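Residue-level structure breakdown
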Amino acid sequence: MDTLNNFINGTIALFGDPLGILIFLGGVIGGMLFGAIPGVSMLTLAAILLPFTAHLSPEHGIMLFSVIYCTGVYGGAITAILFNIPGAPENAPTAFDGYPMTQKGQAGKAVGAAVTCSAIGGTVSAVIMMIATAPIAGWAISAFGPPEIFALVFFGLAVASSVGAKTFWKGWLSILLGLLIAVVGLDPVGGIERWDFGMPYLLAGIHFIPTILGFFAVSEVFVQVEKKARGAYSAPKVGVDFPSLAELFAQKIAVIRSIFIGFFCGILPGIGATLAAFMGYNEAVRWSKDSKEFGTGKMEGVVSSETANNAATGAAMIPLLALGLPGGALTAMMVAVFQMHDMEPGPLVFLNSADLVWVVFSAMFFANLSILLIGFLETKTIINLLRIPFQFLAPVILLLATVGAYAVRGLPIDIVVMFIAGIVGFFLRRSGYSVAGIVLGLILGKIGEQTFAQAMQMLHFEWSGFLSRPIAITLIIAGVLTLLNSIYSAFFKKSA
Amino acid sequence: MKFTRYIASGLLACSMMLVSNASLAACATDSLPDSLAGPDGFPERALTMIVPYGPAGGSGQVAQAMAQAVTELTGVNINRDHKPGGSGTVGMTAYMALPTDGYSVLEHIDDASSAHALDSSKPNPASDLIPLVISQITFSQIFIRTNEDRYTDWNSFVEWVKAQDGKATIANVSKEGSMERVTMKAISDATGISMQQISFDKGAPRYGALAGGQVDALFEQPGDVRKFLDAGTFKPILTILPEAPSAFPDVPSLSDAGLDFQPLYRFRGFYVHKDAPADRVEWLQWAFQKAYCEQSYQDYNKSKFMHLIESYRDTEGARELITATINQYRDVYKEMGLDVK
């Protein structure tokens with residue numbers, strides 16, 4: 001009953017005056033738009049708005065950022081589906097099947113599925129966040145230390161080894177290439193300089209956003225240009241049909257599974273929506289009877305990725321609010337907004353700022369619902385972007401990708417990295433290697449290397465130490481079994 | 001020569017003063033003029049501040065607070081450009097490549113001094129740059145969980161750590177040559193304890209590791225974990241200062257604990273390129289030093305425990321601090337057997 005009362009009070013604080021409603025709508029639309037523009041993500045919008053929130057009331061300032069966070073994660077799915085350009089890393093797996101659906105004239109169904117499942121994943125996550133923030137946060141940081149997170153990364157890589165590649169070996173070579181790229185820069189423990197070739201800018205490492213933009217957006221433009229040159233280009237069919245209720249209902253298992261995965265990844269500080277989306281997608285592939293159809297335009301692929309990344313949004317607020325531990329760049333920026341308005345996330349937040357906490361909860365709940373409403377309208381309009389002739393669209397895509405790559409850190413080398421990734425991606429895609437595997441190796445490699453080093457320090461450099469950590473050893477065994485199963489399938493099933 | 005003697009030889013200790021309550025009434029730059037016209041209308045447009053770290057950490061926050069204070073004072077906007085990576089190297093390199101017209105300033109921390117101490121080809125913040133102001137100087141503490149029952153204070157902690165035979169763990173930023181690693185070596189030498197240092201480069205996982213019981217202790221500056229102190233989740237058991245500051249009277253200081261070394265400090269400041277026009281530098285010095293005493297900046301510093309030791313250094317004071325710090329690190333690195341270039 002208290003929860004309901006608090007929720008109602010939070011809702012009144014949100015929508016009690018016209019300015020609040022305007023800011024809410026502005027946050028919803030702004031988050032969707034900035035999330036949809038590749039590279040220029042919701043982080044860019046948040047950074048622009050940060051100084052202005054000081055002039056808003058605490059309720060409005062905190063609500064604005066909560067809304068942007070939810071809708072921004074969804075917004076990146078649109079360009080992933082329509083143009084093979086993920087608006088953010090957490091939308092990358094959405095492109096695996098979303099873009100092939102567009103090519104098959106099913107853009108409406110793909111966007112519709114993304115809208116619906118983003119809303120479901122985010123809303124369920126927000127409800128769990130309202131009910132159980134404090135106990136879940138405490139459990140997560142006690143149960144998951146560096147050994148467990150490393151084990152989770154290992155399991156994720158083992159599961160993902162087959163995504164997007166034509167053969168087992170090409171899948172693993174793709175992931176290993178990603179892991180190799182991840183070690184460029186300072187080593188995360190000793191600060192040792194690696195693979196910098198005397199260039200100080202490489203000490204910051206290869207960032208995954210320019211890499212994603214290169215592998216997905218730039219290489220896609222090259223692919224289409226080549227088709228155009230060969231006279232094999234055909235404009236994508238524009239399908240605005242929303243998925244039917246029966247089609248959506250058929251995704252129920254994938255949705256439930258991805259909610260669990262997304263929520264679980266979201267509550268671990270520093271992991272968040274990107275790993276959630278990849279794991280959601282990978283698990284869908286692993287459990288499917290038609291796993292070969294993934295990557296060719298299967299709705300379940302879009303559903304799994306988008307449900308998981310949005311389910312991670314509410315979950316990420318749990319360690320942020322209850323422990324003061326932000327899981328990513330935007331949640332870290334939210335801490336600054338909270339502090340600007342005298343709300344200090346951490347163990348005392350429910351005591352000192354309960355009213356503002358419920359503003360966050362209510363804002364995220366309604367933001368997720370509004371994804372459904374506004375997303376439905378968007379589906380009927382934004383798909384018409386596909387009608388723009390390729391010769392006009394391609395330069396815009398390249399321009400946006402260039403701006404996006406530079407905007408991440410303001411480093412010109414990121415633009416170079418993006419174009420190199422574009423050229424490499426163009427050739428790798430023709431030869432059956434997986435650009436998704438490279439990206440996953442890059443993202444998880446950075447987390448995995450750091451947590452592995454920390455785990456070994458904690459376990460006094462004794463491998464047997466993993467045996468004393470039940471969750472870690474369970475995940476490692478599961479990863480090894482997955483790997484063995486992949487090898488068995490790759491060799492023996494084929495020869496049989 | 002014993003390691004701790006090198007640390008004790010630093011000038012730094014002489015320049016660090018605990019701030020009494022009486023001295024808080026006046027601010028360091030009250031004597032500067034309330035306004036100063038820039039040369040030939042400088043600055044005619046917004047300034048750019050390069051910040052070599054992300055927006056949410058200590059550097060990002062102090063950059064935001066100082067930019068706001070300068071804008072309140074002068075009406076001049078400051079755009080912050082965050083270039084994180086390479087432990088501050090990327091931001092420094094990017095800054096050194098910018099035009100030296102005085103429109104770009106740099107925020108940096110003591111890592112720039114320790115980087116130059118280890119490799120003299122890297123910019124010396126005292127001579128390749130002109131320090132406008134150092135606005136934060138702070139100390140470190142060792143923290144444990146408040147509900148910890150294996151040890152409750154510094155003495156019982158030392159006893160417990162000794163019994164673990166090197167298996168006790170402490171979370172910090174233990175990169176080679178970092179202030180944290182150097183200080184931990186000094187503590188280990190002085191007490192005879194051996195701890196496994198677990199390196200977390202970001203604050204949130206570092207604090208989560210202690211809160212979740214993944215590590216036994218945490219090395220950190222008190223301002224960065226204030227919310228955990230206010231909530232009673234963490235408690236300090238050792239203050240790495242010669243004497244206990246007013247906010248932590250019951251926490252043993254180095255002298256209380258019988259540890260004979262002088263501490264290294266974390267400091268953050270703002271710089272301009274040495275080739276910037278002198279008259280513009282003069283205006284920037286006035287703006288950043290005067291902004292230090294703006295109420296919003298003082299409030300921010302206080303919220304981060306930056307008022308417990310004198311945080312302010314003008315250009316000359318900053319140069320002395322940086323030079324002393326570089327010499328101190330260089331001696332320590334040689335003692336540690338690092339390759340000092």
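Remember, it's a predicted structure, so these values are computed and weren't measured experimentally.

So, on to the overall build of chain A. If you tally the helices and strands in chain A, you get 20 helices and two strands. Here the C-alpha radius of gyration of chain A, 22 Å, is about what a compact globule of 496 residues would show, namely 23 Å. Considering only C-alpha atoms, chain A reaches an extent of 60 × 60 × 50 Å along its principal axes. Relative to its 496 residues, chain A shows a buried fraction of 60%. Partitioning the intrachain contacts of chain A with sequence separation of at least 6 by distance along the chain shows that 78% fall at a separation of at least 24. As presented, chain A carries roughly 18800 Å² of accessible surface, and 72% of it is formed by carbon and sulfur atoms.

What follows concerns the confidence of the model for chain A. Of all residues in chain A, 95% have pLDDT values of 70 or greater, and the mean over the chain is 85. Mean pLDDT across the elements of chain A bottoms out in helix α15 (residues 349-352) of chain A (71) and peaks in helix α18 (residues 412-430) of chain A (93).

Residue and element names in this part refer to chain B. Pairing in this open sheet of five strands is mixed, and the strands run β7-β6-β8-β5-β9 from one edge to the other. Every other strand in the sheet has two partners, leaving β7 (196-199) and β9 (234-239) as the edge strands with one partner each. Taken over all neighbouring pairs, the strand axes of this sheet differ in orientation by 30° on average, direction set aside. Against the sheet, helix α6 (residues 154-163) engages β5 (141-145), β8 (217-220) and β9, with an angle of about 85° to β9.

Right, let's talk about the pairing of strand β10 (residues 266-273) of chain B for a bit. All names here are of chain B. Among the eight residues in β10, eight count as buried, and that is most of the element. Residues Arg266, Arg268, Phe270 and Val272 line one face of β10 and the alternating positions Phe267, Gly269, Tyr271 and His273 line the opposite face, and both faces are buried. Looking at chain direction, strand β3 (residues 104-109) and β10 are connected through four bridges and run antiparallel. By the bridge assignment for β10, Ile109 is matched with Arg268.

Phe42 of chain B connects to Pro43 of chain B through a cis peptide bond whose omega is -5°. Note that Pro43 of chain B resides in the loop between α2 (12-15) and β1 (47-51). Phi is positive for Phe197 of chain A, close to 50°, though the residue is something other than glycine. Examined against the element boundaries, Phe197 of chain A turns out to sit in the loop between β2 (193-194) and α9 (208-230). By relative accessible area, Phe197 of chain A is classed as exposed at 64%. Phi is positive for Phe461 of chain A, which is not a glycine, with a value near 60°. When you line up the elements, Phe461 of chain A lands in the loop between α19 (435-458) and α20 (470-495).

In this section: the packing of aromatic side chains. All names here are of chain A. For the structure shown, the criterion picks out 35 aromatic pairs over all chains. With centroids separated by 5.9 Å and ring planes inclined at 70°, the aromatic side chains of Trp139 and Phe144 adopt a geometry described as edge-to-face. In this structure Trp139 comes out as partly exposed when scored by relative accessible area, which is 42%. When the centroid spacing of 6.3 Å and the interplanar angle of 65° are considered together, the rings of Trp195 and Phe197 count as edge-to-face. The exposure classification of Trp195 matches that of Phe197, with both residues exposed. An aromatic cluster of three or more residues is present, and its members are Phe7, Phe15, Phe24, Phe365 and Phe366.

To continue, consider helix α13 (residues 299-323) of chain A. Residues and elements named next belong to chain A. End to end, α13 covers 37 Å across 25 residues, agreeing with the expected 36 Å (1.5 Å per residue, within 8%). Maximum bend of α13: about 30°, positioned at Thr313. Of all 25 residues that make up α13, 25 are buried, and the element is covered over most of its length. Just downstream of α13, Gly324 is the residue with a positive phi angle, here 75°.

The subject of this paragraph is the nonpolar core. Across soluble globular proteins, nonpolar side chains have a tendency to be buried as a group. If you look at the biggest cluster of nonpolar residues, it comprises 251 residues, and the most contacted ones within it are Leu82 and Met317 of chain A together with Ile142 and Phe288 of chain B. For this core, the leading source of residues is helix α6 (residues 107-143) of chain A, giving 17 residues. In contact with Met317 of chain A, other than residues within four places in its own chain, are Tyr69, Met129, Ala322, Thr331, Met334, Phe338, Val360 and Met364 of chain A.

Next up on the list: the side chain of His273 of chain B. Residue and element names in this part refer to chain B. One can find His273 in strand β10. There is a polar contact of 3.0 Å between the side chain of His273 and the backbone nitrogen of Asp275. Ignoring any residue separated from it by four or fewer positions in sequence, one finds His273 in contact with Tyr95, Met96, Thr100, Asp128, Leu129 and Ile130.

Think of interface size as the accessible area that goes away when the parts come together; that is how it is often given. Residue-level contacts link 38 residues of chain B with 39 residues of chain A. Of the roughly 3000 Å² buried between chain B and chain A, counting both surfaces, carbon and sulfur atoms make up 61%. Broken down residue by residue, the surface that chain B buries against chain A is led by Val90, Gln214 and Lys227 of chain B, which jointly contribute 20%. Inspection of the region where chain B meets chain A yields one salt bridge.

With that out of the way, let us pick up a negative patch on the surface. Residues and elements named next belong to chain B. A surface patch of negative charge is lined by Asp40, Glu44, Asp279 and Glu282. When you line up the elements, Glu282 lands in helix α10 (residues 278-291). A residue is classified by how much of its surface remains accessible, and Glu282, at 48% relative accessible area, is partly exposed.

Looking now at the state of the cysteines. Scanning the model with the defined rule gives one disulfide over all chains in all. Between Cys27 of chain B and Cys293 of chain B runs a disulfide, and the two sulfur atoms are separated by 1.8 Å. Measuring handedness by torsion sign, the sulfur bridge of Cys27 of chain B and Cys293 of chain B sits at about -90° and is left-handed. Taken together, the residues Cys27 of chain B in the loop between α2 and β1 and Cys293 of chain B in the loop between α10 and α11 (295-303) connect sequence positions 266 residues apart. For the pair shown, Cys27 of chain B and Cys293 of chain B are each scored as buried. Between Cys70 of chain A, a free cysteine, and Cys117 of chain A, which holds the nearest cysteine sulfur, the sulfur-to-sulfur gap is 16 Å. Residue class for Cys70 of chain A comes out buried when judged on its relative accessible area of 0%. For Cys117 of chain A, a relative accessible area of 2% gives the class buried.

Each value, and the rule that gives it
Within each chain, residues carry numbers counting from 1 in the order of the written sequence. Written order determines the labels here, with chains lettered from A and ligands numbered from 1. Two thresholds apply to this predicted model, a pLDDT of at least 70 for residue-level local features and 80 or more for giving and counting side-chain atom pairs, whereas whole-chain, interface and lining totals are computed over all residues. The side-chain numbers reported here are obtained from all heavy atoms of the structure, hydrogens and water having been left aside. Strands here mean DSSP runs of E at least two residues long; helices mean DSSP runs of H or I at least four residues long; both are numbered from the N terminus. With C-alpha atoms as the basis for the radius of gyration, the globule rule is written as 2.2 Å multiplied by the number of residues raised to the power 0.38. When a residue's accessible area, from a 1.4 Å probe over protein chains only, is under 20% of the maximum for its type it is buried; when over 50% it is exposed; and in between it is partly exposed. Any pair of residues with heavy atoms lying within 4.5 Å of one another is described as a contacting pair. Exposure was quantified through the Shrake-Rupley algorithm and a 1.4 Å probe, taking into account, for residues, occlusion by the shown protein chains and nothing else. What pLDDT reports is the predictor's confidence in each residue, on a scale of 0 through 100. Here a strand pair is declared whenever DSSP counts at least two bridges between the two strands. As a rule, the C-alpha atoms of each element are fitted with a line to give its axis, helices using only the stretch in contact, and angles between N-to-C directions run from 0 to 180 degrees. For Phe, Tyr and Trp, where Trp contributes only its six-membered ring, two rings pair if their centres lie within 6.5 Å, and the inter-plane angle classes them as stacked under 30 degrees, edge-to-face over 60, or tilted in between. Multiplying 1.5 Å by the residue count of a helix minus one yields the expected span of that helix. Fitting axes to the seven residues ending at a residue and to the seven starting there, one defines the bend at that residue as the angle between these axes. Take the buried Ala, Val, Leu, Ile, Met, Phe, Trp, Tyr and Cys residues and link them wherever side-chain atoms come within 4.5 Å; each set so joined is a nonpolar core. Pairs of N or O atoms within 3.5 Å make up the polar contacts considered here, provided that, within protein, one atom can donate a hydrogen while the other can accept it, and that residues adjacent in sequence are counted only when both atoms are side-chain atoms. Joining two parts hides part of their accessible area as seen by a 1.4 Å probe, and the buried area is that hidden amount summed over both. Any Lys or Arg side-chain nitrogen found within 4 Å of a carboxyl oxygen on Asp or Glu counts as a salt bridge. A residue counts toward a patch only above 30% relative accessible area and without a salt bridge, and it is joined to like-charged neighbours within 9 Å or, for Val, Leu, Ile, Met, Phe, Trp and Tyr, to nonpolar neighbours within 5 Å. The sign given to each residue is positive for Lys and Arg and negative for Asp and Glu; His and the chain ends receive no count. Lys charges are placed at NZ, Arg charges at CZ, Asp charges at CG and Glu charges at CD. In what follows, a disulfide is any cysteine sulfur pair within 2.5 Å.

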